[in-house]
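The lines below spell out each chain.
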Amino acid sequence: DGGITQSPKYLFRKEGQNVTLSCEQNLNHDAMYWYRQDPGQGLRLIYYSQIVNDFQKGDIAEGYSVSREKKESFPLTVTSAQKNPTAFYLCASRVGGANTEAFFGQGTRLTVV
Amino acid sequence: QKEVEQNSGPLSVPEGAIASLNCTYSDRGSQSFFWYRQYSGKSPELIMFIYSNGDKEDGRFTAQLNKASQYVSLLIRDSQPSDSATYLCAAPERDSGGGADGLTFGKGTHLIIQP
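Every value quoted in this text rests on a predicted model; they were computed, and no experiment measured them. (Residues numbered from 1 in each chain as written. Chains lettered and ligands numbered in written order. Predicted model: local features only at pLDDT ≥ 70, side-chain atom pairs only at ≥ 80, totals over all residues. Heavy atoms only, no water.)

### A word on the overall build of chain A
On a plain count of helices and strands, chain A comes out with 0 helices and 11 strands. N-terminal to C-terminal, the α/β element order of chain A is β-β-β-β-β-β-β-β-β-β-β. Overall, chain A is about 40 × 25 × 25 Å in size when its C-alpha atoms are taken along their principal axes. Of all 113 residues assigned to chain A, the portion counted as buried reaches 46%. Restricting to contacts in chain A with at least 6 residues of sequence separation, those with at least 24 account for 52%. Element-wise, carbon and sulfur atoms account for 47% of the exposed surface of chain A, whose accessible area totals about 5,500 Å². Across chain A, the 12 positively charged side chains and the 11 negatively charged ones have centroids separated by 6 Å. (Helix = DSSP H or I, 4+ residues; strand = E, 2+ residues; numbered from the N terminus. Buried < 20%, exposed > 50% of the residue type's maximum accessible area, 1.4 Å probe, protein only. Contact = heavy atoms within 4.5 Å. Areas by Shrake-Rupley, 256 points an atom, 1.4 Å probe, with all protein chains shown as cover. Lys, Arg positive; Asp, Glu negative; His and termini not counted. Charge placed at Lys NZ, Arg CZ, Asp CG, Glu CD.)

Take a look at the structure:
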């Protein structure tokens with residue numbers, strides 16, 4: 001079955017620690033995205049990539065980093081510079097083009113302990 | 001900066017009634033819109049896509065787009081308790097080359113269907 005897989009589902013981070021969230025898709029989509037969702041809030045764009053080896057900052061990129069070495073993979077690292085990382089993180093992919101839907105992974109809930 | 005606005009709710013509707021969800025947007029150039037449904041703790045799933053003025057129907061769902069008023073809505077007929085969720089309106093971003101960077105989401109409307 002085609003889809004997007006995020007792992008882990010739950011992640012706990014200690015203060016000052018970097019953590020990496022995995023996102024893999026087998027839909028052959030060119031574009032991939034990372035969103036952050038806080039309680040009662042919509043989705044805010046962190047980073048996106050439209051092609052391998054290229055990515056762009058979204059609205060809230062500070063404290064995060066990404067890579068796009070393969071078309072299928074778009075991992076997100078939450079660095080120690082991100083002072084309030086507790087949130088629900090969603091990875092999405094699209095074929096590309098304005099009139100195409102975004103498909104989402106099941107999300108990773110990150111909590112700082 | 002494109003903005004997509006939704007009333008956060010909660011919107012409470014009796015079972016069997018019509019639920020009406022609204023969304024306004026700031027970019028007059030926006031051509032298409034997506035409605036996603038998100039259950040608590042889950043990821044969003046697409047329920048409707050509309051790009052033409054007027055109505056688009058799919059089962060119990062009808063999306064309505066009025067580009068002149070910069071307004072898009074979602075109607076749910078014969079509301080069921082399983083329709084209780086947050087509904088997110090989204091519009092594509094446009095980069096400087098006219099391509100799509102991603103989707104801008106509203107904050108979502110929390111819908112409660114009362115049995």
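### Notes on the interface of chain B and chain A
At the interface, 21 residues of chain B touch 22 residues of chain A. Interface area, chain B with chain A, both sides summed: about 1,700 Å², of which 50% is carbon and sulfur. Applying the counting criterion to the chain B and chain A interface returns 0 salt bridges. At the surface where chain B touches chain A, the tally comes to 4 residue pairs in polar contact (both at pLDDT 80 or more). In terms of residue count, the dominant contributor to the side of chain B that touches chain A is strand β4 (residues 33-38) of chain B (3 residues). Along the lines of polarity and charge, the residues of the side of chain B that touches chain A split into 10 nonpolar, 7 polar and 4 charged. (Buried area = accessible area lost by both parts, 1.4 Å probe. Salt bridge = Lys/Arg side-chain N within 4 Å of Asp/Glu carboxyl O. Polar contact = N/O pair within 3.5 Å; in protein donor to acceptor, adjacent residues only side chain to side chain. Nonpolar A, V, L, I, M, F, W, Y, C, P; charged D, E, K, R; others polar.)

### Some words on the sheet that holds strand β8 (residues 71-76) of chain B
All names here are of chain B. The strand order β1-β3-β8-β7-β6 describes an open sheet built from 5 strands, whose pairing is antiparallel. At either margin of the open sheet sits one strand with a lone partner, and together these are β1 (4-5) and β6 (54-58). Strand direction decides the pairing type here: β6 and strand β7 (residues 61-66), joined by 5 bridges, are antiparallel. Across the sheet, the residue bridging to Asp55 is Gln64, located in β7. (Pairing = 2+ DSSP bridges.)

### What about the side chain of Thr62 of chain B?
Residue and element names in this part refer to chain B. Checked against the element boundaries, Thr62 lands in strand β7. Judged by relative accessible area, Thr62 falls into the buried class, the value being 7%. When neighbours within four sequence positions are excluded, Thr62 is seen to be in contact with Met48, Asp55, Lys56, Glu57, Ser73, Leu74, Leu75 and Arg77.

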